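Here are the chains, one letter per residue:
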Amino acid sequence: MNMPNERPKWLMLYTAVALIVSGSHSLAANPPDADQKGPVFLKEPTNRIDFSNSTGAEIECKSSGNPMPEIIWIRSDGTAVGDVPGLRQISSDGKLVFPPFRAEDYRQEVHAQVYACLARNQFGSIISRDVHVRAVVSQHYEEDIHKAFVIRGNSAILKCDIPSFVADFVNVISWHSDEQENFYPGTEYDGKYLVLPSGELHIREVGPEDGYKSYQCRTKHRLTGETRLSATKGRLVITEPVGSVPPKISVGERRKDAEVPQQGDLSIFCPAQSYPVPAFRWYKFIEGTTRKQAVVLNDRVKQVSGTLIIKDAVVEDSGKYLCVVNNSVGGESVETVLTVTAPLSAKIDPPTQTVDFGRPAVFTCQYTGNPIKTVSWMKDGKAIGHSEPVLRIESVKKEDKGMYQCFVRNDQESAEASAELKLGGRFDPPVIRQAFQEETMEPGPSVFLKCVAGGNPTPEISWELDGKKIANNDRYQVGQYVTVNGDVVSYLNITSVHANDGGLYKCIAKSKVGVAEHSAKLNVYGLPYIRQMEKKAIVAGETLIVTCPVAGYPIDSIVWERDNRALPINRKQKVFPNGTLIIENVERNSDQATYTCVAKNQEGYSARGSLEVQVMVSPQIQPFDFGVEPANTGEMAGGFCMVPKGDLPMEIRWTLNSAPIITGEHGFSLSRLNPRTSSLSIDSLEARHRGLYKCIASNKAGSAEYSAELHVNVPPRWILEPTDKAFAQGSDAKVECKADGFPKPQVTWKKAVGDTPGEYKDLKKSDNIRVEEGTLHVDNIQKTNEGYYLCEAINGIGSGLSAVIMISVQAPPEFTEKLRNQTARRGEPAVLQCEAKGEKPIGILWNMNNMRLDPKNDNRYTIREEILSTGVMSSLSIKRTERSDSALFTCVATNAFGSDDASINMIVQEVPEMPYALKVLDKSGRSVQLSWAQPYDGNSPLDRYIIEFKRSRASWTEIDRVIVPGHTTEAQVQKLSPATTYNIRIVAENAIGTSQSSEAVTIITAEEAPSGKPQNIKVEPVNQTTMRVTWKPPPRTEWNGEILGYYVGYKLSNTNSSYVFETINFITEEGKEHNLELQNLRVYTQYSVVIQAFNKIGAGPLSEEEKQFTAEGTPSQPPSDTACTTLTSQTIRVGWVSPPLESANGVIKTYKVVYAPSDEWYDETKRHYKKTASSDTVLHGLKKYTNYTMQVLATTAGGDGVRSVPIHCQTEPDVPEAPTDVKALVMGNAAILVSWRPPAQPNGIITQYTVYSKAEGAETETKTQKVPHYQMSFEATELEKNKPYEFWVTASTTIGEGQQSKSIVAMPSDQVPAKIASFDDTFTATFKEDAKMPCLAVGAPQPEITWKIKGVEFSANDRMRLLPDGSLLIKSVNRQDAGDYSCHAENSIAKDSITHKLIVLAPPQSPHVTLSATTTDALTVKLKPHEGDTAPLHGYTLHYKPEFGEWETSEVSVDSQKHNIEGLFCGSRYQVYATGFNNIGAGEASDILNTRTKGQKPKLPEKPRFIEVSSNSVSLHFKAWKDGGCPMSHFVVESKKRDQIEWNQISNNVKPDNNYVVLDLEPATWYNLRITAHNSAGFTVAEYDFATLTVTGGTIAPSRDLPELSAEDTIRIILSNLNLVVPVVAALLVIIIAIIVICILRSKGNHHKDDVVYNQTMGPGATLDKRRPDLRDELGYIAPPNRKLPPVPGSNYNTCDRIKRGRGGLRSNHSTWDPRRNPNLYEELKAPPVPMHGNHYGHAHGNAECHYRHPGMEDEICPYATFHLLGFREEMDPTKAMNFQTFPHQNGHAGPVPGHAGTMLPPGHPGHVHSRSGSQSMPRANRYQRKNSQGGQSSIYTPAPEYDDPANCAEEDQYRRYTRVNSQGGSLYSGPGPEYDDPANCAPEEDQYGSQYGGPYGQPYDHYGSRGSMGRRSIGSARNPGNGSPEPPPPPPRNHDMSNSSFNDSKESNEISEAECDRDHGPRGNYGAVKRSPQPKDQRTTEEMRKLIERNETGPKQLQLQQTNGAGFTAYDTMAV
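Parameters at a glance
Residues numbered from 1 in each chain as written. Predicted model: local features only at pLDDT ≥ 70, side-chain atom pairs only at ≥ 80, totals over all residues. Heavy atoms only, no water. Helix = DSSP H or I, 4+ residues; strand = E, 2+ residues; numbered from the N terminus. Buried < 20%, exposed > 50% of the residue type's maximum accessible area, 1.4 Å probe, protein only. Contact = heavy atoms within 4.5 Å. Salt bridge = Lys/Arg side-chain N within 4 Å of Asp/Glu carboxyl O. Disulfide = S-S within 2.5 Å. Pairing = 2+ DSSP bridges. Phe/Tyr/Trp six-rings, centres within 6.5 Å; stacked < 30°, edge-to-face > 60°. Lys NZ or Arg CZ within 6 Å of the ring centre and 35° of its normal. Polar contact = N/O pair within 3.5 Å; in protein donor to acceptor, adjacent residues only side chain to side chain. Patch = residues over 30% accessible without salt bridge, like charges linked within 9 Å, V, L, I, M, F, W, Y side chains within 5 Å. Areas by Shrake-Rupley, 256 points an atom, 1.4 Å probe, with all protein chains shown as cover.

Some remarks on the overall build of the chain
Move 1: Per the secondary structure count, the chain includes 14 helices and 141 strands.
Move 2: Scored against the burial criterion, the 2017 residues of the chain give a buried share of 46%.
Move 3: Taking all contacts inside the chain whose residues are at least 6 apart in sequence as the whole, residues at least 24 apart take part in 68%.

Side note on the pattern of salt bridges
Move 1: A complete count under the given rule lists 63 salt bridges for this structure.
Move 2: The closest approach of N and O atoms between Lys43 and Glu60, which form a salt bridge, is 3.2 Å. In this pair, Lys43 sits in strand β1 (residues 37–43) while Glu60 sits in the loop between β3 (57–59) and β4 (62–66), placing the two residues 17 residues apart along the sequence.
Move 3: Judged by relative accessible area, which is 43%, Lys43 ranks as partly exposed.
Move 4: Salt-bridge contacts for Glu109 lead to Arg107; the nearest nitrogen and oxygen are separated by 2.8 Å.
Move 5: By sharing partners, the salt bridges in this structure join Asp50, Arg134, Asp168 and Arg222 into a single network.

Side note on the side chain of Thr1420
Move 1: Inspection of the secondary structure assignment puts Thr1420 in strand β126 (residues 1419–1424).
Move 2: Given a relative accessible area of 14%, Thr1420 falls into the buried group.
Move 3: For Thr1420, the contacting residues outside a window of four places in its chain are Thr1410, Leu1411, Ser1412, Ala1413, Lys1458, His1459 and Asn1460.

Focus on the state of the cysteines
Move 1: A full pass over the atoms with the stated rule returns 12 disulfides.
Move 2: For Cys61, the disulfide goes to Cys117, at an S-S distance of 1.9 Å. Sign of the S-S torsion, about -80° for the bond between Cys61 and Cys117, identifies this disulfide as left-handed. Placement of Cys61 in the loop between β3 and β4 and of Cys117 in strand β8 (residues 112–121) is noted, with a sequence separation of 56 residues between them.
Move 3: Its relative accessible area of 2% is what places Cys61 among the buried residues.
Move 4: Residue Cys117 is classed as buried on the basis of its relative accessible area of 0%.

A few points about the sheet that holds strand β38 (residues 414–423)
Move 1: The sheet built from five strands is open, its strands ordered β32-β38-β37-β34-β35 with mixed pairing. Strand pairing shows two members of the sheet lacking a second neighbour, β32 (352–355) and β35 (382–383), which therefore form its edges.

What to know about the packing of aromatic side chains
Move 1: Overall, the coordinates contain 33 aromatic pairs when judged by the stated rule.
Move 2: With a centroid separation of 5.2 Å and 70° between ring planes, the pair formed by Trp1447 and Tyr1473 is classed as edge-to-face. Taken together, the residues Trp1447 in the loop between β127 (1435–1442) and β128 (1448–1453) and Tyr1473 in strand β130 (residues 1469–1477) connect sequence positions 26 residues apart.
Move 3: The exposure class of Tyr1473 is buried, given its relative accessible area of 18%.
Move 4: Here the basic side chain of Arg1167 rests over the ring of Trp1161, its NZ or CZ set 4.0 Å away from the ring centre.
Move 5: When the ring centre of Trp1543 is taken as reference, the NZ or CZ atom of Lys1536 above it lies at 5.0 Å.

Considerations on the pairing of strand β91 (residues 1001–1004)
Move 1: The two faces of β91 differ: Val1001 and Ile1003 on one face are buried, but Thr1002 and Ile1004 on the other face are not.
Move 2: Of the strand pairs in this sheet, strand β90 (residues 981–990) and β91 are connected by four bridges, and their pairing is antiparallel. For Asn983, the partnering residue across the bridge sits in β91 and is Thr1002.

Re the sheet that holds strand β79 (residues 843–848)
Move 1: Overall, mixed pairing links the five strands, which are arranged β77-β84-β83-β79-β80 in an open sheet. Each edge of the open sheet carries a strand with a single partner, namely β77 (819–825) and β80 (851–852).
Move 2: Relative to strand β83 (residues 888–895), β79 is paired through six bridges, and the arrangement is antiparallel. If you follow Trp846 over to β83, its bridge partner there is Cys891.

A few points about the environment of Asn473
Move 1: Assignment of secondary structure puts Asn473 in the loop between β43 (468–469) and β44 (476–482).
Move 2: Once the C-alpha coordinates of Asn473 and Ile494 are considered, the two residues, 21 residues apart in sequence, prove to be 9.8 Å apart.
Move 3: Of the polar contacts made by the side chain of Asn473, one reaches the backbone nitrogen of Arg475; its length is 2.9 Å.

What about a nonpolar patch on the surface?
Move 1: Taken together, Leu1620, Val1624, Leu1628, Ile1632, Ile1636 and Ile1640 make up a surface patch of nonpolar side chains, about 550 Å² in accessible area.
Move 2: Within the element layout of this structure, Leu1620 appears in helix α8 (residues 1618–1644).

Some details on unusual backbone geometry
Move 1: In this model, Phe742 is joined to Pro743 through a cis peptide bond whose omega is -10°.
Move 2: Examined against the element boundaries, Pro743 turns out to sit in the loop between β69 (738–742) and β70 (746–752).
Move 3: The linkage connecting Lys840 with the following residue, Pro841, adopts the cis geometry, with an omega of 5°.
Move 4: Mapping Pro841 onto the fold places it in the loop between β78 (830–837) and β79.
Move 5: For Ser305, which is not glycine, the phi torsion reads 55° and is therefore positive.
Move 6: In this fold, Ser305 is placed in the loop between β28 (301–304) and β29 (307–310).
Move 7: Residue classification places Ser305 among the partly exposed positions, given a relative accessible area of 22%.
Move 8: Notably, Asn585 is not glycine yet its phi reads approximately 45°, a positive angle.
Move 9: Mapped onto the fold, Asn585 is located in the loop between β55 (580–583) and α4 (588–591).
Move 10: The class of Asn585 is partly exposed, set by a relative accessible area of 42%.

Considerations on the environment of Gln1108
Move 1: Locating Gln1108 in the fold gives a position in strand β98 (residues 1106–1109).
Move 2: Accessibility expressed as a relative area gives 24% for Gln1108, which makes it partly exposed.
Move 3: If we skip the residues at most four places from it in the chain, Gln1108 touches Val1019, Glu1020, Pro1021, Met1027, Thr1085, Gln1086 and Tyr1087.
Move 4: Here the side chain of Gln1108 touches Val1019 through a polar contact of 3.0 Å, landing on its backbone oxygen.

Considerations on the pairing of strand β15 (residues 170–177)
Move 1: Counted residue by residue, β15 has six buried out of eight residues, so it is predominantly covered.
Move 2: Both β15 and strand β19 (residues 214–221) contribute to a ladder of seven bridges, which runs antiparallel. Of the residues in β19, the one forming a bridge with Trp175 is Cys217.
Move 3: Examined bridge by bridge, β15 and strand β16 (residues 182–183) share two bridges and lie antiparallel to one another. Residue pairing for β16: His176 is matched across the bridge by Asn182.
Move 4: Between β15 and β16, which follow one another and run antiparallel, lie four residues, and Gln180 among them has a positive phi close to 60°.

Shown next as structure tokens:
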């Protein structure tokens, strides 16, 4: 509504306006009466009318005009407003009245509407500004005041929150505290409290005592006048600063907009708090730039703390303000855009104007106000689409008269002004009212032609013949007269007309306002005659139009010639049959000539006439100028006017500002250089020479002119120079100052700063000082106005003019301060001063208590006088004040103009004495009540008492204070902490100072349970079974101790059951929200949640009960008792019972009935849906006698529920339709064969057919014959020869007989042509079944029957043969049989044929599957049917599986172009294929699609964003990690000191969205930190160096490496320390020899001499990749795979035992050893006798038994073995058995070592003891995730054979990802052929782990690298090649939760299911096999192997065979059996 172009509605003012305008045209002929005028508003309604429903409102609109205008109220769309009874009326005097109304009668279209007032009379219409009417219904409202949180020392702002629906009408008028303090808006800006213009309470420098007060605001409703106090009390919550706090500003406060009306007051906020208290600086941006300048503070602009207050705002205050906040630790800024709105007003100049016809009219819209968004114009209430301030009408027409309005608008208001345009007195152009007609006559008689014309002024009429004016002569007479009504009658008389008088006669009526003409031909019979044509002069470039003046009649042709050539002869010439010649764009060279006109009649007589055409060229002036820059006075200027084109002679003249220039006058000099050039020169420029110069060139052809502006700069010069002036005080002063110049000078006045001229500042605009047109006016001049003034005239030319004058004011003495109080401390000196201003000399006397004071009488007093520039200063000094000096001192000043006096009230004051008798009246855990006695106040009222209290251990410099008013002697100290010792004392304070402190008292408070409730409790449903509860701690002051945690209770709402509580530990992080997810809740059930905090004393109060529903689910059960009843042949009733309420899982909104014919049920698109809210419905419009399938489901907001089991009903049968076709074939002279096709819709089971026959003839009767339903023909016999018979057929069902078929007529005959009784038909055959197609033929002789298949002659074969009845039999139909089959019957008389179509229904062929899109957890595939499919496709089955997982299926409807497979693993490989199905069955499978989901391993963060170091801890911000697209699962955190080797695991399950603090670090120490980040795509390791801070928070210097020593330095050091070196070397030699001896003895007693710990053999084709030396240092450990092994009921041995006993005495890669019996095992190991290809840590291809078995170790637990414990916490449920996994022992220690928290069971300990750290729970949900935990090598099962091709490596081979990088060696690719030997095959991804552990993390990760894992081509991997010093694996991480983490996981961690584990080691897992076993019985399936092992049927031979084939077990792996 604000923008005019958005308000087209105003433009559609209804028709009344238009009628008035149109009705006023008749006035134009006569001059308007001087008194008559259009409407003008006398009283225009305001922009906004707000009123209360209890008061109502009247809106007045008055206008004037003559005749008196009519007032109409309209809406914004222009429609008229009518009465609404009781709500809106229009009174007789034009007021719009809104009576008081009841709240329920409120109507938006009446009470919240935009109206306008329209005034109209016959001269035009005007519309008022927009009137926004808003009725306010009295509603209850309450103001709220919220707590304000503020840091001590900062300023606080309390806001009175007023509801938005009344905010526009309610203002804050005051604030009140609970201590009876009242605060009102005022101008006292220095106090502690200030009510801001916008109503907020500003409290500065907040201290602890301010926290005890509460505040209320009082508001007033401006419409109802109601005042009320706020419902709530606000208070300050004061925070003690802990350390430095930088300024903080919330995001929403950084940029704001503010708006205030002109002369209004406003405050701009800068809501920042900090400690130390910040400094605030305000700036304002210079408009249109990015530069800013500081805001100047003065009487009008104040700054209170950070708030900027502007009083009496002016438009110039608008702009962008910037508040900059700084303290010692930081800074912030706030931007505010301020708009100062000024009321809009508009005025049109001139308000009325009278313009003559064709003259221009200009209206100028002058407007004020701010802001102005748009300007628009209207005429008579209709928009004219003009948006500029100036409206110009170039040529006024009659329709332009009327009322014009200018509208200015902004978002808030609008204003308008109107003006009237009247037409000039004579304004009617001429009009021909009556005229002569064309006439043809004989020569002889006289002719009388008449013309009548009208107009105002009266026109003149002239006559022309063929363009030539007719003058009176002896034969032609012209006369005219004026009639009584003002018309002119003119006539032309021709006496005895001749043939030569014929031609075109024209009468022309002309006046100064227009021309009208009329022409018609006069034809006189006679010979052709051409009147003489005068010479025609025409200007070049114009168009020549000439008509040949031909007389005579009739004329056959008129042609034009030039040089005897008939025209036209070029494109420019056009000749018309009436004798008109047109030549366009005339040129002198080509067109100046003599033209001849030839006129002929039919008899051949002709006449000729010549026309001479002369072409003239008009002048054309070459542009000139006087230069771009203005000229200066005294300079010379000139210009040349050149006329290059135009005929001579030519006149050239000059004008200046339209006045002719004469050479020699005013310094002008003109000279004619040549006939075409004139020059103008001015020797010395003066001010009068500036203006518009015009050169005018003219010749006979025309004239041309060119203008140029000459600017002359003229410096200012005085017209009236000011002089010194003296004025009497109080008079009105006026000083004139006028100057002239160009540009016009700007005259300004300034006043000198101080008493001397020199520095001047602009005059402040005030009520009594103003400057008008250079004259300075000072009204009521005072002494303050005296001084030097500067008048300056500047126009930018020269330095300008200035004059300094002195304005003096003659004044009597005056004291600016009449009375003041002055205080002094007793015993100190004091000075009393009186300053009298006025004309000197001034004398001053002193009185004391109205007695003359004489210093001579008391030497303590001294009087001095000082002469000032403005007057005299008198000082009374008192050497040493005494109490008697408290008196009234008066000074009296006198001069020649009068006298004045001033008084000083002297008060001598002291500090109060200290309070005494401080007593404790009462105390509790939180407060203490004190009393004391009031001391002496020191002659100054006691302002306040300050109660100081502190904790007993604190010093008195760290105190809290309570401020108590000075009039009380009792107070309570609150907000004390329970169980705390306090010291309390009190001091008194008056205006002089504070007393000494009283003696302190000591109290102790008691501890309490928390008294506060948790805050901001929110309960939100997460899903249908989970709700998230979030809350914040109680206020800190209500903890009453340290909160230990929270009890979160929940229960079903509206039940009496007790709450179920969960305990949540307290989060110490400041401001952190606590949250808890309540899971396994009921769907769509309301729960009540309460929370209470607890400390060591007990629990605090329960929070308010928060109720919330879990999310609505879908009904989990279908509607029951679904039943259908057939009603008719086309309707079925379906009924059901609602699902049980507990299974609805929400509010059941509707039921859906899904139904379709049963044979179309498969096709989703054919199903129909019907929604109903009731429990039964009737289905209409069904097919007759059709079996329907139906399902019913219930719907909630959560979606559609479960569908019921399909039910089936059949519609009732009906009578059938007519048979679709009938044939009657002649069989002989007495027989006819009738055949037919069954009905298209049998509507039931056909029981019989009835054949009707009737011989033609009226009396014959109809015969009927019943035929069984399976027979489709009938032979009618005993018929009469050559007699026509009519036949028709009907079908019948049990319901009755159906419609009859069409009739057919046939006649028995001897001639029997060949005809086929069968019909064209379509047969549908099922794949592999037989099909038969009939061909029943008649004819005599017997016709020959032949078949064509798809156009080819049929020949019998094994599958197709012809039956005796002519039918074709096809056995075992296939797809290729589908097509057209035609049967032909032919005899000697005739031939006939039919064509059958065979459709073969077969299962679908393989569909096309293409990948459309991938995300991190979903794949989108496109499905397309096979092109060759003809049978209908019912749907697809989509099969998909992860790389290591089972196949899953998904049904896809046939019309789905795309399908999403969701819930997939991030960053994993998948195989996908599809099959189609129809009612025949499932079809062939598509090709397998290999793809993967998106996602990568986690990405490293920047160190500064991740690590935050303190002196004894380090904070890790895990949100800084980027997840690579796959959500992070967890982090593993390890640390160590820089000089240590062993890593300490801190945690192995840190959640990604938390921060984590590593505690208990030593200050000033270098540490290494290792972080392993896991997601489903893999893991990333990062290592960081950091140093903890010193105890004081400082940093330590970087560590320095020791310098390298040269060989000489080393020898020198050794030689100088021989006494130390020799004993050490000797001791080492003895130890080495002893170890060798022990090893030899041990090896002789060892049962397995060739065993090596972690022995791994390699296949014959194993090679070592020596090309990757950088991988040698990348040793790591990987968690063992979490195989899902089933529990073995009744077994008492673990996995290791099962493996051992299942295959006899084979050796394993490592043994389970007992560290208690052999603590030094690792130290005593020796190299094996057989080096096994130098691969001591290689992959062993045959055994996985526990090696190094020592006596008594058979029942030990293998390291890394996974087994199940039955009966632990799962009540012997075998499906819930828990998996446990042991860990490798470390370095021979006898028990768990630091950093190792595996499950170690002492002897005799029950086996099911639960150790959380070592247990590894393996949820079923992650069955496809393979998780490798700590160390060991893992085997990955080998995929299907199609992945054998090594070329797949290049295409991101899916097994390359699982190849681990070894510790010292690279990943080894060895196998049957050389193609597996080249690691370059997998180059693109090989470095995926190398990049993690190599590169920057190379050396530190010797023991942490990822190991080699076996894929199909990873045959073996080497550890420590050639190195005979085996090293055990490192310990597992502590607290490693295997259920959700994988340590050193594969690139994509995939848990292998049991079946896959089996495949891993079954026949397909031949990693190192050179050839397959040739014996078929050995190639057992995975399932067979598993059963054999479980039954212990695979003996050593079987396993030995597998070992030789390389199907061995992997070290550190658990085999699944």
